[in-house]
Each structure stands twice: as C-alpha cells, then as structure tokens.
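# Residue-level structural notes
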Amino acid sequence: MIKPYKDSELGKKEQVAKMFDNISENYDGLNRVISLGIDVKWRKKVIKIVGKNNPKQLLDIATGTGDLALMMAALNPDRIVGLDISEGMLAIGKQKIAKANLSDKIEMIVGDSEEMPFKDHTFDAITVSFGVRNFANLDKGISEIARVLKPTGVLVILETSNPTKFPFKQGYKLYTNIFLPLIGKLFSKDKVAYSYLSESANSFPFGEAFNNILKKNGFRHTEHQPVTFGVATIYTARK
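Okay, so let's go over this structure. (Residues numbered from 1 in each chain as written. Predicted model: local features only at pLDDT ≥ 70, side-chain atom pairs only at ≥ 80, totals over all residues. Heavy atoms only, no water.)

### What about the overall build of the protein?
When you go through the protein residue by residue, the secondary structure sums to eight helices and seven strands. A compact globule built from 239 residues should have a C-alpha radius of gyration of about 18 Å, and the protein, at 17 Å, falls within 12% of that. Along the longest, intermediate and shortest principal axes, the C-alpha atoms of the protein span 40 × 40 × 35 Å. Taken over 239 residues, the protein has a buried fraction of 54%. Long-range contacts, defined as pairs at least 24 residues apart, comprise 70% of the intrachain contacts of the protein with a sequence gap of at least 6. Here the protein has roughly 11200 Å² of accessible surface; of this, 57% comes from carbon and sulfur atoms. If you average the places of the 34 positive and of the 26 negative side-chain charges in the protein, the two averages end up 7 Å apart. (Helix = DSSP H or I, 4+ residues; strand = E, 2+ residues; numbered from the N terminus. Rg over C-alpha atoms; globule rule 2.2 N^0.38 Å. Buried < 20%, exposed > 50% of the residue type's maximum accessible area, 1.4 Å probe, protein only. Contact = heavy atoms within 4.5 Å. Areas by Shrake-Rupley, 256 points an atom, 1.4 Å probe, with all protein chains shown as cover. Lys, Arg positive; Asp, Glu negative; His and termini not counted. Charge placed at Lys NZ, Arg CZ, Asp CG, Glu CD.)

### A look at the packing of helix α1 (residues 12-34) against helix α6 (residues 168-187)
As a packed pair, α1 and α6 sit with axes 11 Å apart at the nearest point and diverge in direction by 150 degrees. In this structure, α1 crosses over α6, and the sense of that crossing is right-handed. Of the residues in α6, those in contact with N26, L30 and I34 of α1 are Y175, L180, I183 and F187. Among the residues making up the contact of α1 with α6, the classes are represented as six nonpolar, one polar and no charged. (Axes fitted to C-alpha atoms, helices over the stretch in contact; angles between N-to-C directions. Left-handed = near helix turned anticlockwise from the far one by under 90°. Nonpolar A, V, L, I, M, F, W, Y, C, P; charged D, E, K, R; others polar.)

### A few points about helix α7 (residues 193-203)
Side chains that are three or four residues apart share a direction in an α-helix, a result of its 3.6 residues per turn. The complete set of buried residues in α7 reads A193, Y194, Y196, L197, S198, S200 and A201. Close packing links the buried residues of α7 with α1, β5 (149-160) and α6.

### Points about a positive patch on the surface
Residues K41, K44, K45, K48 and K52 make up a contiguous surface patch of positive charge. Take K44: it is sitting in helix α2 (residues 38-51). Residue K44 is classed as exposed on the basis of its relative accessible area, which comes to 54%. (Patch = residues over 30% accessible without salt bridge, like charges linked within 9 Å, V, L, I, M, F, W, Y side chains within 5 Å. Salt bridge = Lys/Arg side-chain N within 4 Å of Asp/Glu carboxyl O.)

### Regarding the packing of α1 against helix α4 (residues 87-99)
α4 packs onto α1 with a crossing angle of 30 degrees between their chain directions and a minimal axis gap of 7 Å. Here α1 is positioned roughly parallel relative to α4, judged by the angle of their axes. Across from F20, D21, S24, E25, Y27 and D28 in α1, the residues of α4 making contact are E87, G88, M89, I92 and K96. Classifying every residue of the contact of α1 with α4 gives four nonpolar, two polar and five charged. (Parallel < 35°, antiparallel > 145°, perpendicular 65-115°, else oblique.)

### Topic: the sheet that holds strand β7 (residues 232-238)
Adjacent strands of a sheet form backbone hydrogen bonds with each other and so pair up, either parallel or antiparallel. Here we have seven strands laid out as an open sheet, ordered β3-β2-β1-β4-β5-β7-β6, and mixed in their pairing. Two strands bound the open sheet, and with one partner strand each, they are β3 (106-110) and β6 (221-227). With strand direction ignored, the average angle separating the axes of adjacent strands in the sheet is 15 degrees. Strand contacts of α4: β2 (79-84) and β3, with the helix running at about 165 degrees to β3, the strand carrying the most contacts. (Pairing = 2+ DSSP bridges.)

### A short note on the pairing of strand β1 (residues 57-61)
The two faces of a sheet get side chains in turn, since along a regular strand they alternate between them. Buried residues dominate β1, accounting for five of its five residues. In the sheet, β1 pairs with β2 via five bridges, with the strands oriented parallel. Bridging across to β2, D60 finds its partner in G82. Handedness of the β1-helix α3 (residues 67-72)-β2 crossover: right-handed. Here β1 runs beside strand β4 (residues 123-129); their pairing, made up of four bridges, is parallel. Within β4, the residue paired with I61 across the bridge is V128. (Right-handed = clockwise from strand over helix to strand, strands pointing away.)

### A short note on the pairing of β2
For β2, the tally of buried residues reaches five of six residues, placing the bulk of the element in the interior. Here β2 runs beside β3; their pairing, made up of five bridges, is parallel. Bridged to V81 within β3 is E107. In this region the chain leaves β2, passes through α4 and returns to the parallel neighbour β3; the handedness of that crossover is right-handed.

In structure tokens, the structure reads:
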C-alpha cells in the first residue's frame, strides 16, 4: 500500500488527511498548472454522464475543494453533499461555495468514504474524482458506495490511468516521475505530497482491472472511457 509519508506510524487514512490539509491552500492553483487545465474538461464529461440520470440527491466523495460539487449545481438537484476526510480542503471549498451563493444547495461534510453517515439507497448519483486511489481499503470504499447508492443510481469515477501507447506512455512516465514531484517541491509546503500523488497514480489499477474491482464490490454494469490519450479514465457503474 502506497502512503504519503513513508517514515510515519500513522495509517494511510490519517496520512492522506494530513497531506491534503497541508497542501489545501495552494491545491487549486497547482492542480490547474499540473493538469494544464485539462481536468476541467474531464469534469464536464462527468457532469454530462451524471446529468442523464436527472439526479435529485447527489454525493461527491473526496470532494476536496468542491470543484465537481460546484459544477454539479448546474444540474439543478435538490441536494448535493460533498464528503472529504480533509478539513483543510473542505474549508477552501466552503469559501468557494459561499462565493457562488450555493451554501443552501451544497453541504460540505468531514467524513470517511469507508464508513459514511448515510442510510442505504440515499443517492441518485455518486461521483469520485481523483479520490479512489487514496482510499485506505479500496474494496470497503467501493462496497460502501454501493450501499448508499439507489438501485437505479449511477456511480461515475474520474481517476488517473496510464497511457499504454507510444509515445504517450513514455511521455506520461517522464511527466509524473520528474515534472510532478518537481512542481510539488518548488511550490508546495509539503515536499512529499506530489511525489505520493504521482506514485499512487502510476501504480493504481485502471481500465478492466478497476472494472473488476467495481464488479467484485456490488456493481454489475461497468464501462470505462479513457480521456486525453489515457492519462485519466472515466468509469460509469450501476448496481
């Protein structure tokens, strides 16, 4: 299991919370730079898939600073819940939501994706963007998502993946192994955070391998769509 701080006694969950608290202040800005702004395009694709379901109750897991939750407000649901383990990230998210006058529609709560404070079959749609690879127990996290999703609901996950074709495969390795940690070291006060983010991106199962994990934990209909030469993948799953 890959953890942010190799010499720490803390479990992965606590380490991830600490890491995101540390980088929360400059996370949004760095994220735009690191992804060259393409992540906004990917999120728009997620919104389009979610919107087909005409959802009224929405949950965004690992919501971070609330980028996806804010974009989902355009779907005009009754309620959006953003859940995250990092209070620092949520604090930034709450400021953004207040600025957009959406505090009455989007609720941000501190919570653990593996033990969520919701009843069975609560949400019409659940999203996770760049969050599942930070789960301490992936199987437990996915089966917990299945529990709180309505039988008719949809799960949409946006996560990093590895390009498999030349020259994108080689270019991406260079980018994640050298450029990403370097940017983190230069601009983030947490020197290891971006090394962890690139390491976890490189080793996380993707494509059919991740579809199989979804199927093992309560989902039947799964499909995946690689985006931008395969540097990320959008997974759609139903129970």
